[in-house]
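# Descriptive structure summary
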Amino acid sequence: MKILILILQLLLFITLAPFLSGLITKIKNYLRMRKGQSVLQPYYNLAKLFSKSEVVSETASWIFKVTPFVVFSSALAASLLIPLFIFANSLYQMGDFLALIFIFTLGRFFLALSALDTGGSFGGMGSSREMFISSLVEPVICLIVFSLFLQFGSTNILAFSGLHAISVSSIVAAAALFFVAIAETSRVPVDNQETHLELTMVHEAMLLEYSGRSLAFLEMASYIKQMIWFFLIAQIIFPISLFGFFSLAQAGLWLLWYLTRIFIIAIAVALVEVTVAKMRLFRVADFLGFAFVLGVVAAVCAILGV
Amino acid sequence: MQGIVLIGILVSTYLMVIAKRMPALIRSFAWQSFFLFLETLVIARQECQLGLYLVAGLLLVIKVSLIPYLLHRIINKTKVSQDLGLFINPQMSLLCALCFTCLAWIFSVRLDVFGNQMQVSIFAIAFFMVLVGLFLMISRMTALAQIVGLLVMENGLFLLASTVSGGMPFFVEIAIFFDVFVSVIIMGLFVYRINKLFTHIDVNKLTRLKG
Amino acid sequence: MTNILPKQIFLFDPLSLFFLAVILIVSLPSAVYSFGYLKEYSSRKIILAWFLLFAFVLSMALVVSVGNALVFLVAWEIMSLVSYFLVVFDTTHEKSIKAGMIYIVMTHIGTAFLIAAFMILHNYAHSFDFTAIKNASFMIPQGTKNIIFLLFLVGFGTKAGIVPLHIWLPYAHPQAPSHISSIMSGVMIKTAIYGIIRFVIFILGVNSSWWGILILILAVITCLVGIIYALMERDIKRLLAYSSVENIGIILLGVGLAMYFYSKNMPFLAVFSLIAGLYHLVNHAIFKGLLFLCAGSVYKATGVRDIEKLGGLIKKMPQTAVYFLIGAMAISALPPLNGFVSEWLVLQAFFLGAFHAAGGAKLFLGICAGMLALTSGLAAACFVKAFGITFLAKSRSNYAVNAKEVSLSMKLGMLILSLLTIAFGLAATSIIKLLTRVAGLSTGIDISNMKFSLNNFILKPQAASNIYLSTPLLTLVLILLALAGFVIYMSFGREKTRIYKTWDCGYYKLDSRNEYSATAFTKPLRIAFSFFLLPYRKTQKIRETFYHVRSFTYETHTTKVFKKYIYDPLIALVFKSAKSMRRIQPGSIHLYLGYIFVTLLLLLIFMQKF
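Please read these numbers as outputs of a predicted model, since none were measured by experiment.

In this section: the overall build of chain B. Check the secondary structure of chain B and you find seven helices and zero strands. Overall, chain B shows an N-to-C arrangement of helices and strands of α-α-α-α-α-α-α. Here the C-alpha atoms of chain B give a radius of gyration of 17 Å, agreeing with the 17 Å that 2.2 N^0.38 yields for 211 residues. Principal-axis analysis of the C-alpha atoms gives chain B an extent of 50 × 35 × 30 Å. Residues counted as buried form 37% of the 211 residues belonging to chain B.

Encoded structure:
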């Protein structure tokens, strides 16, 4: 019974993930004084991709074919670690925040390999840049998890998933996590998801050779990752009690608040994307260095008990 | 009687030290060996050891006659310059030899193991011969001087052994004689070869091989 | 000196047995592998190789199981000498001889420090037996203990490869035959860790906290230096050697933490950190052994070690590619393999320790944990490069085009280690139960109440807080979700997949020269770390006329910082002092005889004093 509820919640989470991406694009377009595509456009894109046939490069090997499944399953496994709507139903026995990070690394590893697999320059470039950015992001995440640990006493995601006081440490950690989320979800100023120029791509370059259903899986996986990151930021600065409820109305209100927080973060991301220009790759090291400093500040605040 | 022989050994050793040319050195060595032969006879009579008589005879044959003859032959055959090549001039060498004599004397007095005065003197002279042999090897440039120095050291050790312990075992003595004889022959051959290759037997020139 | 000859030489306690198990786990598959690897040598050389291998494994087993310091030193020396012969085994390459020279000099410098430490210990204990020294260690004053600790650290650090004593590793490990490299990198450098645990923690007893902090700082530096140099390498075996340096750093992080917590009287955390360090030790032995065997297979099949000449080997050597992928995944700490579990444990040790430690130490431990995370990310980047450039895409040269899959015995060796990699990841709880006993003995802490797992599948570091990790569950979930994805994929009907060329932006004559190269792959990191790598470039243009450039050569190098600033000046100093001492040897016989003469005279004159 519990597993059934878990699977249902997982499906609900997955269905809402593309909507988030569509929402961000819509907000960006409004800020650019355009009408832009509809909010449901990601769903239409996925449907289109599922109906198309694939073109596979002749230099590709089995790694190219296996990667979409690995990335998809790693994103879903990571989402099982966070409480999806009802508190007791995350698979917390499987791992904690650190395990989440390593599961993301699994997906990224295979994606980088498949990008090299096709033997083109763009894939190699995207792979190289992605590994550069991700390796610099790791110490930042470690320090954020560290400051959360000092504050809440555990790296288990459920530890900060209840109602807790918002301290200075939480705010700074959330700010650092915001920077990390921008880097991990390939948003401006680290990477531009809307670019068509291969030489400016990081994440898109790794997906360049994919088409059809494989591409749909990879897009889906990136939407889910995005949703997970935004949830984590939201949980730290807008805590919500995820314990049981007593009436349907209460449950409905609560669900609304759950989703609204994530959309607030999405609006913030959209604002950042529109106002800031994309940085040169080597400046990303400074960007992430600043995030590292924020992480250290968060840790110091947690030590001081602030 | 014994005193005269010992003085003879001493004087011939001094003669060796001040020798400037090869024949002089070899002749002094022959005289030293002769006096050593006489000394051995005296000791043999004192200790009443028949073996020592034989050893004395060997000394006469080999060290007094054969070896100087061999060395003279080497010099004539190689037609090398008969100059010994001195690092330290004869006067200074004599001074050093006198110092060595004093040193050896003080050393053997300090040792305090001997019964009578004669034994102390013989020990001192024997030790002095060893030091002079080493000194000859250091302060003369040619290979021949090294050979002679070695032989003098061997003489000194022989005298030392005869004094302190009444001679070494018989077979050891025979073996040593044989070794000395053979080594002189070999060294002579080497000197001949060295001269043929380098047209001189100046050992000091080996420093040119320094890396 | 009455107790030189020991009554009982061997000491089989859990620590020795653990290390013996590690030795066997790596040596047996390597021995199986060497059947196929040595096939093309002359039969005399094969017999020599087998004899040396046997002697090597035996000497290492002796090192970890003796209980007497003198026998330990003898076994240590035998191990160093036999491994030297193995390093210079391929005497046709003059690089082997140079590598052997550097190795033997460094290892003997380390052994000299060890001998000094043992002499000091003998002075207090009047015996070479371990139990006697342990009992006498209470009497040793703190200052002497500090000196002994530093001597042991330098002595064992030379063998383990702690920065800056690591320079022999990148020379020696690539030149040795591949099965020997795997044993050297997998096991021999771990015997140094055994030495540190046995002598510093077990025998000497840690009671100052700066020991643990010093080891932590050295370990963090070792990790970062190791992985940054590994990223810049294009020789596959040297890349693996630098990566071994990095992993020794991670193991030392666990050991250093254990020492720090022990000195601060936090027994639970000390045992936990030591378990994390030991777990990473055995994991690294397995997956580094596997990676070296795979690198050896690649070298045997293609004849080159330079990955920029390879590529596309996944189609020519499919099984080797799978084993290398498993090894690369394990070393990049990807779930659910063994590397992930041990790195997770080390990070948890940092976090838990920081929670219970005092103020300043909290931040220090946090930043060390951040540096560990950085090296983990860089290691993933390094092995994406290593696997991707070597095996994927098109062949970059003829060496790779003519590659063939290797023989059965080599595949068998690699298969055994791959299975062990997966098994050590899934069976984490059982391994930790075994390691708890080892750690308990080494630190002398009572472990009867310590439980590190909930049941047979879930790891739970501490009873109070609720942190869990379950690799079997994770594997199950990943496989199920991947299958679900596959089912969804297939449910949309079997469409035909068209095979076509890679996207080439409209140019039609793209070939393997358009692929990304290894140097290019890590260029962003080379620029990010340029303050340490000090890269420089050399270019040369040859022109026929001003407008017509006939050739343009471009070379980029990274400065070998340790060689340039530490070792070269030191060696120059040694040579200078030797040259000045040579003046007493002018080559004149007379002078030498004069030395003897003067000594004799002096002895005579001053005879009374003697």
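Another aspect to go through is the overall build of chain C. Within chain C, the secondary structure is distributed over 24 helices and three strands. Against the globule reference of 25 Å for 610 residues, chain C gives a C-alpha radius of gyration of 27 Å, in line with a compact fold. Considered along the principal axes of its C-alpha atoms, chain C spans approximately 105 × 75 × 55 Å. Out of the 610 residues in chain C, the part that is buried amounts to 52%. Restricting the contact set of chain C to residue pairs at least 6 apart, pairs at least 24 apart contribute 78%.

Before going further, it helps to spend a moment on the interface of chain B and chain C. Each partner contributes to the interface: chain B provides 13 residues, whereas chain C provides nine residues. Mapped onto the side of chain B that touches chain C, the elements with two or more residues apiece are α4 (90-111) and α5 (117-139) of chain B. By residue class, the composition of the side of chain B that touches chain C is ten nonpolar, two polar and one charged.

How big an interface is tends to be reported as the loss of accessible area on association of its parts. The domains assigned to chain C are domain 1 (1-205), domain 2 (233-240 + 251-492), domain 3 (512-558) and domain 4 (562-609). Looking at side-chain class alone, the side of domain 1 of chain C that touches domain 2 of chain C contains 19 nonpolar, nine polar and two charged residues.

A:A176, A:L177, A:I233 and C:I275 are the most contacted members of the largest nonpolar core, which totals 321 residues. In terms of residue count, helix α11 (residues 267-302) of chain C provides more of this core than any other element does, 22 residues in total. Apart from the residues lying within four places of it in its own chain, the contact partners of C:I275 are C:L345, C:I432, C:L435, C:T436 and C:A439. B:L59, B:I75, B:L136 and B:I201 belong to the second-largest nonpolar core, a separate cluster that totals 55 residues.

The next subject is the interface of chain A and chain C. In this assembly, 69 residues from chain A lie in contact with 69 residues from chain C. Breaking the side of chain A that touches chain C down by element, the ones donating at least two residues are β1 (55-57), α3 (62-81), α4 (97-117), α5 (121-152), α8 (212-237) and α10 (284-304) of chain A. Here the side of chain A that touches chain C gets 18 residues from one element, more than from any other, and that element is α5(A). A per-class count over the side of chain A that touches chain C returns 39 nonpolar, 22 polar and eight charged. The pairing of β1(A) with strand β1 (residues 498-500) of chain C spans three bridges and is parallel. Counterpart to A:V55 in the pairing with β1(C) is C:R498.

Residues and elements named next belong to chain B. Here α4 is 22 residues long and its end C-alpha atoms lie 31 Å apart, about the 32 Å a rise of 1.5 Å per residue gives. Every buried residue of α4 is accounted for by S93, F100, A104 and S108. All buried residues of α4 lie within an arc of 60° about the axis, which places them on one face of the element. The outward face of α4, more than 90 degrees from its buried face, is lined by the exposed residues Q91, L98, C99, C102 and R110. Elements in contact with the buried residues of α4: α1 (2-18) and α5. Phi turns positive, to about 60°, at D112, one or two residues after α4.

Here the focus is the pairing of strand β3 (residues 549-558) of chain C. Residues and elements named next belong to chain C. Across the ten residues of β3, zero count as buried, placing the element largely on the outside. Sheet topology note: the strand β2 (residues 535-543)/β3 ladder contains nine bridges and is antiparallel. Looking at the pairing, K541 lines up with F552 of β3. Between β2 and β3, which follow one another and run antiparallel, lie five residues.

Residue and element names in this part refer to chain C. Structurally, I326 can be placed in helix α13 (residues 318-331). Distance in space between the C-alpha atoms of I326 and I25 is 17 Å, their sequence separation being 301 residues. Contacts of I326, omitting those with residues within four sequence positions, involve S418 and T421.

Next up on the list: unusual backbone geometry. Leaving glycine out, the prevailing phi sign among residues is negative, and the prevailing peptide bond configuration is trans. The step from C:V163 to C:P164 runs through a cis peptide bond, and the omega angle for that step is 0°. Take C:P164: it is sitting in the loop between α6 (142-160) and α7 (169-175). With an omega of -5°, the peptide bond between C:P335 and C:P336 qualifies as cis. Even without a glycine there, the phi angle at A:S186 is positive, about 60°. Position of A:S186 relative to the elements: it lies in the loop between α6 (168-184) and α7 (203-206). At C:A333, a position not held by glycine, the phi torsion is positive, near 60°. Among the secondary structure elements, C:A333 is positioned in the loop between α13 and α14 (338-356). With 30 C-beta atoms packed within 10 Å, C:A333 lands in the buried category.

The subject of this paragraph is the packing of helix α4 (residues 94-125) of chain C against α6(C). Helix packing for two helices is described by the angle between their axes and how far apart those axes are. Residue and element names in this part refer to chain C. Look at α4 against α6: their axes get within 8 Å of each other, and the N-to-C directions meet at 155°. Comparing their axes, α6 and α4 come out roughly antiparallel. For the pair α4 and α6, the sense of crossing is left-handed. On α6, the residues that touch M106, T107, I109, G110, T111, F113, L114, A116, A117, I120 and L121 of α4 are T144, I148, L151, F152, V154, G155, T158 and K159. Here the residues of the contact of α4 with α6 sort into twelve nonpolar, six polar and one charged.

All names here are of chain C. Averaged over every residue, the pLDDT of chain C is 89; the share at 70 or more is 97%. Of all helices and strands in chain C, the one with the weakest mean pLDDT is helix α16 (residues 398-401) (84), whereas α13 scores best (95). Here the prediction assigns the complex a pTM of 0.84, and the interface score ipTM is 0.94.

Procedures and definitions
Residues numbered from 1 in each chain as written. Chains lettered and ligands numbered in written order. Predicted model: local features only at pLDDT ≥ 70, side-chain atom pairs only at ≥ 80, totals over all residues. Helix = DSSP H or I, 4+ residues; strand = E, 2+ residues; numbered from the N terminus. Rg over C-alpha atoms; globule rule 2.2 N^0.38 Å. Buried ≥ 20, exposed ≤ 12 C-beta atoms within 10 Å, placed from the backbone. Contact = placed C-beta atoms within 7 Å. Nonpolar A, V, L, I, M, F, W, Y, C, P; charged D, E, K, R; others polar. Domains from an automatic or database assignment. Core = buried A, V, L, I, M, F, W, Y, C linked by C-beta atoms within 7 Å. Pairing = 2+ DSSP bridges. Expected span 1.5 Å × (residues − 1). Arc of directions from axis to C-beta. Axes fitted to C-alpha atoms, helices over the stretch in contact; angles between N-to-C directions. Parallel < 35°, antiparallel > 145°, perpendicular 65-115°, else oblique. Left-handed = near helix turned anticlockwise from the far one by under 90°. pLDDT = per-residue confidence, 0-100.

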